[in-house]
Amino acid sequence: MPTPSVENYLKAVYHLQSRRDSRVKTKEIADQLDISLPSVTSMLKSLGEEGMVDYQPYKGARLTDSGAKAALRVIRNHRLIEVFLVQTLGYTWDEVHDEAERLEHAVSEKLVGRIDEFLGNPKFDPHGDPIPTAEGEIHRPEAMPLSDATPGSRYRVERVLDQEPEVLRYLEKIGLTPSETFEVLEVLSFDGQMFLSVDGEDATVSRSLASRLLVTELSA
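Here the structure is a predicted model, which means the values were calculated and not measured.

A.B. asks: Honestly, the overall build of the protein in this entry has me stumped. Any pointers?
C.D. replies: Each helix and strand counted, the protein has eight helices and eight strands in total. Compactness check: the protein gives a C-alpha radius of gyration of 19 Å against a globular reference of 17 Å for 220 residues, within 12% of the reference. Considered along the principal axes of its C-alpha atoms, the protein spans approximately 55 × 45 × 30 Å. Residue burial in the protein is summarised as follows: out of 220 residues, 42% are buried. By sequence separation, contacts in the protein at least 24 residues apart represent 64% of the contacts at least 6 residues apart. Carbon and sulfur atoms make up 49% of the accessible area of the protein, which amounts to about 12,100 Å² in all. Computed over 25 positive and 38 negative side-chain charges, the inter-centroid distance for the protein is 6 Å.

A.B. asks: Would you explain the domain arrangement of the protein in this entry?
C.D. replies: Many analyses report the size of an interface as the accessible area lost when the parts associate. Domains assigned within the protein are domain 1 (4-63) and domain 2 (144-217). Here domain 1 and domain 2 have C-alpha centroids that lie 32 Å from each other.

A.B. asks: Just to check I follow, could you spell out the nonpolar core for this structure?
C.D. replies: Side chains of nonpolar character tend, in soluble globular proteins, to be buried together. Judged by nonpolar contacts, the single largest core of 23 residues is most densely connected at Leu10, Ile29, Leu47 and Leu63. With six residues, the top contributor of residues to this core is helix α1 (residues 4-18). When residues no more than four places from it in sequence are discounted, the contact partners of Leu47 are Val6, Tyr9, Leu10, Met52 and Val53.

A.B. asks: Help me out: how do you make sense of helix α3 (residues 37-49) in this one?
C.D. replies: In an α-helix there are 3.6 residues to a turn, and that puts residues three or four apart on one side. When the terminal C-alpha atoms of α3 are compared, their 18 Å separation across 13 residues agrees well with the 18 Å that a helix rising 1.5 Å per residue should span. Regarding α3, the residues found buried are Val40, Met43, Leu44 and Leu47. Mapping the buried residues of α3 onto a view down its axis gives an arc of 100°, with all of them on the same face. Structural note: α3 exposes Pro38 and Glu49 on the side pointing more than 90 degrees away from its buried face.

A.B. asks: Teacher, can you tell me more about the layout of surface pockets here?
C.D. replies: Remark: the empty space left among the atoms is shown by a probe the size of a water molecule rolled over them. Considered as a void within the structure, the largest pocket measures approximately 1,100 Å³ in volume. Lining the largest pocket we find 36 residues, and of these His15, Arg19, Arg79, Arg159 and Leu161 sit closest to its centre. When residues in the lining of the largest pocket are grouped by element, the largest group, six residues, is from α1. Structurally, the lining of the largest pocket is a two-domain feature, drawing no fewer than three residues from each of domain 1 (4-63) and domain 2 (144-217).

A.B. asks: Hey, could you run me through the packing of α1 against helix α4 (residues 65-87) in this one?
C.D. replies: To characterise two packed helices, one gives the angle between the axes of the helices and the distance between these axes. With their axes 8 Å apart at the nearest point, α1 and α4 run at an angle of 95° to one another. When the axis of α1 is compared with that of α4, the two are roughly perpendicular. For the pair formed by α1 and α4, the contact residues are Glu7, Leu10, Lys11, Tyr14 and His15 on the first element and Gly67, Ala70, Ala71, Leu72, Val74, Ile75, His78 and Arg79 on the second. Grouping the constituent residues of the contact of α1 with α4 by class yields seven nonpolar, three polar and three charged.

A.B. asks: When you look at the sheet that holds strand β5 (residues 181-187) in this model, what are you seeing that I'm missing?
C.D. replies: Picture the strands of a sheet paired through backbone hydrogen bonds; they go either parallel or antiparallel. As summarised here, the arrangement of the six strands in space is β3-β8-β4-β5-β6-β7, forming an open sheet in which the pairing is antiparallel. Of all strands in the sheet, those bounded by a partner on one side alone are β3 (144-145) and β7 (201-205). In terms of strand pairing, β5 meets strand β6 (residues 194-198) through four bridges, oriented antiparallel. By the bridge assignment, Val184 is partnered in β6 with Leu196. In the packing of helix α7 (residues 165-174) onto the sheet, contacts are made with β4 (154-160), β6, β7 and β8 (213-217), and the angle to β7 comes to roughly 155°.

A.B. asks: Can you help me understand the packing of helix α2 (residues 26-33) against α3 in this one?
C.D. replies: Running from N to C, α2 and α3 point in directions that differ by 115°, and their axes come no closer than 9 Å. The orientation of α2 with respect to α3, classified from their angle, is roughly perpendicular. Every pair of crossing elements has a handedness; the one defined by α2 and α3 is right-handed. Counting all contacts with α2, which are made through Thr26, Lys27, Ile29 and Ala30, the residues of α3 involved are Leu37, Val40, Thr41 and Leu44.

Cut-off values and rules
- Residues numbered from 1 in each chain as written.
- Predicted model: local features only at pLDDT ≥ 70, side-chain atom pairs only at ≥ 80, totals over all residues.
- Heavy atoms only, no water.
- Helix = DSSP H or I, 4+ residues; strand = E, 2+ residues; numbered from the N terminus.
- Rg over C-alpha atoms; globule rule 2.2 N^0.38 Å.
- Buried < 20%, exposed > 50% of the residue type's maximum accessible area, 1.4 Å probe, protein only.
- Contact = heavy atoms within 4.5 Å.
- Areas by Shrake-Rupley, 256 points an atom, 1.4 Å probe, with all protein chains shown as cover.
- Lys, Arg positive; Asp, Glu negative; His and termini not counted.
- Charge placed at Lys NZ, Arg CZ, Asp CG, Glu CD.
- Domains from an automatic or database assignment.
- Core = buried A, V, L, I, M, F, W, Y, C linked by side-chain atoms within 4.5 Å.
- Expected span 1.5 Å × (residues − 1).
- Arc of directions from axis to C-beta.
- 1 Å grid on protein atoms, 1.4 Å probe; cavity = no way out; pocket = protein on both sides within 12 Å on 5 of 7 lines; lining within 4 Å.
- Points joined across faces, edges and corners; volume = space filled by probe spheres on them.
- Axes fitted to C-alpha atoms, helices over the stretch in contact; angles between N-to-C directions.
- Parallel < 35°, antiparallel > 145°, perpendicular 65-115°, else oblique.
- Nonpolar A, V, L, I, M, F, W, Y, C, P; charged D, E, K, R; others polar.
- Pairing = 2+ DSSP bridges.
- Left-handed = near helix turned anticlockwise from the far one by under 90°.

Structure follows, in structure tokens:
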């Protein structure tokens, strides 16, 4: 069974790799985990020897099948714990990430399976992130960044990629949460700031925040 440290590395590589389906640079992992470059290089060499990653110096790392399976297992743990905390213990969606980070390494597959069954086999966590199955399968619905949306069209929020509590509280305040629908009213050409209508109320998001919200366009 991988240690919590190894699981954190595998999870970081998985998330970085999935953004563009290419090798992940050592510096990217170091920045993601806030760990020194020599420590990351040493760990990647070890994971390479264990067959968890395909690591090439100066080119970066890519998960092997066994590495991806291990990463998806801990991601499944994390996201199911988040759903459990929200639906059962009354946590809010801006509180659960750090709690799940601590608990994801401690739960057994049997307990996670029971949690999954108890919750009715949810497909997504509170932020809209897809939950991998016990077999390591994961379904990612087609979606695009809100920053690519055009004025005059309606959209539905599918996923929030930012886990910062302050950001999540702001999105909650303006009603821009997963499954909610809204209309894009205007986009400023000089800085990309977006003006929206959410349940008849005006809302504003920066281009930076909009790039971290995944949405689907609704039929006219």
